[in-house]
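# A look at the structure
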Amino acid sequence: MSTLAPLRLLREPWNASEGNQSNATVGASSGWCQGLDIPNELFLALGLVSLVENLLVVTAILKNRNLHSPTYYFICCLAVSDMLVSISNLAEMLFMLLLEHGVLVMRPSIVRHMDSVIDMLICSSVVSSLSFLGVIAVDRYITIFYALRYHSIMTLQRAVVTMASIWLASTVSSTVLITYYRSNTILLCLIGFFLFMLVLMLVLYIHMFALARHHLHSISSQQKLPTAQRGGSLKGAVTLTILLGVFFICWGPFFFHLILIVTCPTNPFCTCFFSYFNLFLILIICNSVIDPLIYAFRSQELRRTLREVVTCSW
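Per an unreviewed UniProt entry, the protein chain carries the name Melanocyte-stimulating hormone receptor and comes from Chaetorhynchus papuensis. The Sequence similarities (unreviewed entry) comment attached to the protein chain in UniProt states, word for word, "Belongs to the G-protein coupled receptor 1 family." Here the protein chain is described in UniProt, under the heading Function (unreviewed entry), as follows: "Receptor for MSH (alpha, beta and gamma) and ACTH. The activity of this receptor is mediated by G proteins which activate adenylate cyclase."

Moving on, we come to the side chain of serine 81. Among the structural elements, serine 81 can be located in helix α3 (residues 70-100). Since its relative accessible area comes to 0%, serine 81 is described here as buried. Sequence-distant contacts of serine 81, that is, excluding residues within four places in its chain, are made with Ser125, Ser128, Ser129, Phe132 and Trp167.

Applying the stated criterion to the full structure yields 1 disulfide. No disulfide involves cysteine 77; its sulfur sits 5.8 Å from the nearest other cysteine sulfur, which is in cysteine 76. By relative accessible area, cysteine 77 is classed as buried at 9%. Cysteine cysteine 250 shares no disulfide, and the gap to the nearest cysteine sulfur, in cysteine 286, comes to 6.3 Å.

Counting residues in each nonpolar core, the largest one holds 81 residues, and the members touching the most others are Tyr205, Phe247, Trp251, Tyr295 and Leu302. Here phenylalanine 247 is in contact with Leu130, Leu133, Phe194, Met197, Leu198, Met201 and Gly252, once residues within four sequence places are set aside.

There is a patch of nonpolar side chains on the surface, built from Leu168, Val172, Val176 and Tyr180 and spanning about 390 Å² of accessible area. Assignment of secondary structure puts leucine 168 in helix α6 (residues 156-179).

Per the UniProt record, the feature "transmembrane region" (unreviewed entry) sits at residues 42-62, 74-97, 117-138, 159-179, 185-212, 233-261 and 273-297. The distance from the first to the last C-alpha atom of residues 42-62 is 30 Å, and the span holds 100% helix and 0% strand. Helix and strand shares over residues 74-97 are 100% and 0% respectively, and the end C-alpha atoms of the span are 35 Å apart.

Let's shift gears to the confidence of the model for the protein chain. Averaged over every residue, the pLDDT of the protein chain is 79; residues scoring 70 or more account for 80%. Looking across the protein chain, the model is least confident in helix α1 (residues 18-27), with a mean pLDDT of 49, and most confident in α6, with 91. In this model, residues 24-28 is a region of pLDDT below 50 whose contacts with residues beyond four sequence positions or in other chains number 7 contacts. Here residues 228-233 is modelled with pLDDT under 50, and outside its nearest four sequence neighbours on either side it reaches 9 contacts, counting other chains as well.

About the thresholds
- Residues numbered from 1 in each chain as written.
- Predicted model: local features only at pLDDT ≥ 70, side-chain atom pairs only at ≥ 80, totals over all residues.
- Heavy atoms only, no water.
- UniProt positions renumbered as here; feature names shortened; annotations may be inferred.
- Helix = DSSP H or I, 4+ residues; strand = E, 2+ residues; numbered from the N terminus.
- Buried < 20%, exposed > 50% of the residue type's maximum accessible area, 1.4 Å probe, protein only.
- Contact = heavy atoms within 4.5 Å.
- Disulfide = S-S within 2.5 Å.
- Core = buried A, V, L, I, M, F, W, Y, C linked by side-chain atoms within 4.5 Å.
- Patch = residues over 30% accessible without salt bridge, like charges linked within 9 Å, V, L, I, M, F, W, Y side chains within 5 Å.
- Areas by Shrake-Rupley, 256 points an atom, 1.4 Å probe, with all protein chains shown as cover.
- Salt bridge = Lys/Arg side-chain N within 4 Å of Asp/Glu carboxyl O.
- pLDDT = per-residue confidence, 0-100.

Structure (structure tokens):
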């Protein structure tokens, strides 16, 4: 089996003639261009870890009324999106393993239908996960720059409308992507969406960091505490680096893969890059594992609730 990972539809370029594609493959058939053999067990293990982590986050937020606010609802939706990434990956993995070993026997038409449904679920969860990462950045920006007006700007009704709109848009866009995945226009829209989210997060988080640094500089100059200034700036820089670094490292290779499919499907270098598709999917699943550590587990209230959930003291 060539791959057990989701989104197999985007693994290989289709906008190249058969002869050119064959020549490119022959020219890139040695050395590092052979790709990376990732054990199926790693997909399963990461999927299970992500599923448990995000399930705990959702349970804790739903359980604790103190966490019933737009900010934590957005984090909860992010956890649900990441959980769906894990569930769909595990479902497709087990589905294909059962078919491969003859445990499950189905007609080809039903297999294709099931595959499309699972791929649509994966695409929807990926798009919604990216969207909620952007929404969380916007929510944090409003919290810092419009603190006194936050509750009038980010009302519960607006938060619900935002969440419902994202889920609806994710479902529609995933359906369009699976139906017209061979269209460069669709891929360009997906690439543009990723770049928009990257720029949005970059601008908002850098602006927030600059404001925090300015306030810290003012306090330090008044109290003559240059050490505190350097320590606070360093901590803010590290947090900013982690947020943007994790986002770019986990999502960047997959979207660069899509860019190469559109721009150079027959180039030997691009063909070599395509062979590492499973690695890019592993990074996306790793992002689902890391997200709770960045956005959820840093909250003391949520950690306390998690301990209650784990110890069943509720």
